[in-house]
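# Reading the structure
Here is how the chains run, residue by residue.
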Amino acid sequence: MRYRLLGQSGLRVSTFCLGTMTFGTADWGAAYDEAAAIYGHFRDTGGNFLDTANEIYAEGRSEEIIARLVCGHRDELVIATKYTDHPGGGDPNVAGNHRKSLRRSLERSLRRLGTDYIDLLWVHAWDFTTAPQEVMRALDDMVREGKILHIGISNTPAWLIARCNTLAELRGWSSFAAVQVEYSLAERSAEIETLPMAQALGLSVLAWSPLAMGVLTGKYLRPSGEARRLDQVNYRSADGKAAEVAEMVATIAGKRGCSPAAVALAWLLAQANVSPVIGARTVAQLKDCLGAQELMLEAGDIQALLAVSEPALTAPHTAIQGGSAIIYGGFRDQIDI
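Throughout what follows, the structure given in this document is the object of discussion. Keep in mind it's a predicted model, so treat the numbers as computed, not measured.

### Focus: empty space enclosed by the protein
Enumeration according to the criterion identifies 1 cavity of 30 Å³ or more in this entry. If you add up the space inside the largest cavity, you get close to 30 Å³. Around the largest cavity sit Arg4, Leu5, Val13, Ser204, Leu206, Asn273 and Ser275, which together line it. Elements supplying a minimum of two residues to the lining of the largest cavity: strand S1 (3-5) and strand S9 (204-208). Tallied by class, residues from the lining of the largest cavity come to 3 nonpolar, 3 polar and 1 charged.

### Regarding the sheet that holds strand S6 (residues 118-123)
With respect to topology, 8 strands assemble into a closed barrel ordered S3-S4-S5-S6-S7-S8-S9-S10, the strand pairing being parallel. Strand-to-strand twist in this sheet, taken as the mean axis angle between neighbours without regard to direction, amounts to 30 degrees. Alignment of strand S3 (residues 17-19) against strand S4 (residues 49-51), held across 2 bridges, turns out to be parallel. Note on S4: the bridge partner recorded for Leu18 is Leu50. Sheet strands touched by helix H3 (residues 99-113): strand S5 (78-83), S6 and strand S7 (148-154). Its angle to S5, the strand with the most contacts, is close to 140 degrees.

### Observations regarding the nonpolar core
Ranked by internal contacts, the top residues of the largest apolar core, which has 83 residues, are Met136, Leu139, Phe176, Tyr183 and Leu216. Element by element, the count of residues in this core is highest for helix H9 (residues 260-269), at 9 residues. Residues contacting Tyr183, with those up to four places away along its chain left out, are Arg188, Ala190, Glu191, Leu195, Ala207, Trp208, Ser209, Pro210, Trp267, Leu268, Gln271 and Val274. Residues Leu11, Cys17, Phe49 and Ala178 belong to the second largest nonpolar core, which totals 13 residues.

### Concerning the packing of helix H2 (residues 61-69) against H3
With their axes 7 Å apart at the nearest point, H2 and H3 run at an angle of 40 degrees to one another. Here H2 is positioned oblique relative to H3, judged by the angle of their axes. In this structure, H2 uses Glu63, Glu64, Ile66 and Ala67 to contact H3, whose residues at the interface are Ser109, Arg112 and Leu113.

### Thoughts on the environment of His317
Checked against the element boundaries, His317 lands in helix H12 (residues 317-322). Spatially, the C-alpha atom of His317 lies 8.0 Å from that of Ile192, the residues being 125 residues apart in sequence. Residues within four places of His317 in sequence aside, it is in contact with Ile192 and Glu193.

### Notes on the pairing of strand S10 (residues 274-279)
Judged by how many residues are buried, S10 sits mostly within the fold: 5 of 6 residues are covered. Pairing analysis gives 3 bridges linking S3 to S10, with the strands arranged parallel. Considered in S10, the bridge of Leu18 is made with Ile278. Where S9 meets S10, 3 bridges bridge the pair, whose relative direction is parallel. The residue bridging Leu206 from the neighbouring strand is Ser275, located in S10.

Scoring rules and cut-offs
Residues numbered from 1 in each chain as written. Predicted model: local features only at pLDDT ≥ 70, side-chain atom pairs only at ≥ 80, totals over all residues. Heavy atoms only, no water. 1 Å grid on protein atoms, 1.4 Å probe; cavity = no way out; pocket = protein on both sides within 12 Å on 5 of 7 lines; lining within 4 Å. Points joined across faces, edges and corners; volume = space filled by probe spheres on them. Helix = DSSP H or I, 4+ residues; strand = E, 2+ residues; numbered from the N terminus. Nonpolar A, V, L, I, M, F, W, Y, C, P; charged D, E, K, R; others polar. Pairing = 2+ DSSP bridges. Axes fitted to C-alpha atoms, helices over the stretch in contact; angles between N-to-C directions. Contact = heavy atoms within 4.5 Å. Core = buried A, V, L, I, M, F, W, Y, C linked by side-chain atoms within 4.5 Å. Buried < 20%, exposed > 50% of the residue type's maximum accessible area, 1.4 Å probe, protein only. Parallel < 35°, antiparallel > 145°, perpendicular 65-115°, else oblique.

Written out as structure tokens, the structure reads:
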């Protein structure tokens, strides 16, 4: 396992982040014994970066399982959890980005994880009702109290992330070190706004659902009797473009003598400063994912993958692309950028 710095901090995190949404989740998830085996193998390979969330992950059981797994060596791990989302209840303030939601969620996560600090706290999603200054000041307060070491943000428009970090830098508050976004060969729209923003601001990118919830493993291209995530949630179909991408991934995998998952993740690892958040239900699945570290895709394979997965541009990028000749006064090909 190799390591990367988290954003502009000095924190060293493993290239792969182990997502633990499966830990304690019924039907398609991993019970404690399997979760312990998954975690043990991840640690044996050098992994030190764990990603979980509050009650939205198995009603808090994911955090509770992690607490048991890291007991005795907690300080060797970089543990990330999230606030904002909540399954629901009778309290209108139980979810959201506001200060009360942050305080409630963080305190409960600390108790479930059996720790007195969180290495990285993610804003799970933007609620569009809380002012950026409240979010950033509240997060900074938690950093100053020592309950959080670093902060990150997920599922938020790029312009809002940029506004939040600019505000934090202006006020001398803690700023986001990383952004977490859905990113895979089946979902490349993050390349339009989020990834350029992250590069410009020095943020690490954590790619969630790097296998498109299993679509890129190819398992949805054929019938199966096993419990599979897309059979449990109404999120994305494996039809259409996603299936076309999965077919190309499988073709390349067959040619290279490896798994489709390894191909899809090797492509992600080749992207600048992008770390996959891998979730596994079994040790075999985890080993399959980690095998991507040893795979170097050929130029022809990369071009084939890019061609079949090209995201559609949206305004204003369509106008910028269409006007590139006149934007540079006819000198675009002669200017080194």
